[in-house]
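# A closer look at the structure
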Amino acid sequence: NSPLTSGDRLKNVKLTAKYGEYFIKCSLVLLAVEFSILGELGLPAIAVAWGASPITLVSSYLIGTRLFKMKTIPALLMATGATWCGASAISAIAAVVNAPNHETVMCIGIVAAGTVIFTFAQPYFALLVGMDHSVAGAWIGGSIDQTGNVIASAAIISDEATEIAGIVKII
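To start, this report covers the structure provided alongside it. (Residues numbered from 1 in each chain as written. Predicted model: local features only at pLDDT ≥ 70, side-chain atom pairs only at ≥ 80, totals over all residues. Heavy atoms only, no water.)

As a further point, take the overall build of the protein. Of the regular secondary structure elements, the protein holds 8 helices and 0 strands. Counting helices and strands in the order they occur from the N terminus, the protein gives α-α-α-α-α-α-α-α. Relative to its 171 residues, the protein shows a buried fraction of 32%. Across the protein, the fraction of contacts at a sequence separation of at least 24, relative to all contacts at a separation of at least 6, is 61%. For the protein, the computed accessible surface area is about 10,100 Å², with 70% contributed by carbon and sulfur atoms. (Helix = DSSP H or I, 4+ residues; strand = E, 2+ residues; numbered from the N terminus. Buried < 20%, exposed > 50% of the residue type's maximum accessible area, 1.4 Å probe, protein only. Contact = heavy atoms within 4.5 Å. Areas by Shrake-Rupley, 256 points an atom, 1.4 Å probe, with all protein chains shown as cover.)

Below you can see the structure in the form of structure tokens.
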């Protein structure tokens, strides 16, 4: 047991995390200065977010359990973290499935390390192959799991990529 888990301290951390996610999403909405772009991207962005997410979650879980022979809980945590919001998603699911702390920490570390790598690899790859900035923004917004990393990654490409990445991320 950690000193953080005793008493009301953990309750305060959970409360802060809950509202922190809300403020991140609000800031992303405010980032989209030109709201008319929501009309342009609406349906394709929703299709990516709502279609790709379940496919990514299920396929990641199956790859983890069948190909890599992972136990159920770590495979579920990794799949969830890779699909949505990294550490936030892993922490939320870990609480629901009563995951052991060591498995939760391990999965957060692995997903966070991958996020850091892709934060820089994806935009430079997009620039290298001459990917259209709006396509690159949508790709980054739909595939990098930490909100701050999405914005930082897309900003390497252009303002247009950043705006689109932010919109895809919040949808």
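Another aspect to go through is the environment of L127. With respect to the secondary-structure elements, L127 resides in helix α5 (residues 101-128). Sequence separation of L127 and I157 is 30 residues, and the distance between their C-alpha atoms is 6.9 Å. Every residue in contact with L127, bar those within four places of it in the chain, is listed here: H133, I156 and I157.

So, on to α5. Helix length check: α5 (28 residues) gives 40 Å between terminal C-alpha atoms against 40 Å at 1.5 Å per residue, within 8%. The sharpest bend along α5 comes to roughly 30°, located at F118. Turning to α5, its buried residues are E103, T104, C107, V111, T115, T119, Q122, P123 and A126. Of the surrounding secondary structure, the elements contacted by the buried residues of α5 are α3 (72-83), α4 (87-97), α6 (133-143) and α7 (147-155). One or two steps after α5, the chain reaches G130, where phi turns positive at roughly 75°. (Expected span 1.5 Å × (residues − 1). Bend = angle between axes of the 7 residues up to and from the residue.)

Taken as a whole, this structure holds 1 aromatic pair when the rule is applied. Arranged with centres 6.1 Å apart and planes meeting at 65°, the rings of F125 and W139 form a pair that is edge-to-face. Remark: W139 occurs in helix α6 and F125 occurs in helix α5; sequence separation between them is 14 residues. Owing to a relative accessible area of 32%, W139 belongs among the partly exposed residues under this scheme. (Phe/Tyr/Trp six-rings, centres within 6.5 Å; stacked < 30°, edge-to-face > 60°.)

Taken together, the side chains of V116, F120, Y124 and L127 present a nonpolar region at the surface, about 400 Å² in accessible area. Here Y124 is to be found in helix α5. (Patch = residues over 30% accessible without salt bridge, like charges linked within 9 Å, V, L, I, M, F, W, Y side chains within 5 Å. Salt bridge = Lys/Arg side-chain N within 4 Å of Asp/Glu carboxyl O.)

With that settled, consider unusual backbone geometry. In this structure, K69 is a non-glycine residue whose phi angle is positive, near 55°. Even without being a glycine, N98 presents a positive backbone phi close to 55°. Relative accessible area serves as the criterion here: at 65%, N98 is assigned to the exposed category.

With that out of the way, let us pick up the packing of α5 against α6. Angle between the axes and distance between the axes are the two parameters that describe a pair of packed helices. At a minimum axis distance of 10 Å, the contact between α5 and α6 shows a crossing angle of 160°. Between α5 and α6, the interaxial angle falls into the category roughly antiparallel. Helix-helix and strand crossings are classified by hand; for α5 and α6 the assignment is right-handed. Along its contact with α5, which presents Q122, P123, F125, A126 and L127, the element α6 presents H133, A136, W139, I140 and S143. A breakdown of the residues in the contact of α5 with α6 according to their chemical character gives 7 nonpolar, 3 polar and no charged. (Axes fitted to C-alpha atoms, helices over the stretch in contact; angles between N-to-C directions. Parallel < 35°, antiparallel > 145°, perpendicular 65-115°, else oblique. Left-handed = near helix turned anticlockwise from the far one by under 90°. Nonpolar A, V, L, I, M, F, W, Y, C, P; charged D, E, K, R; others polar.)

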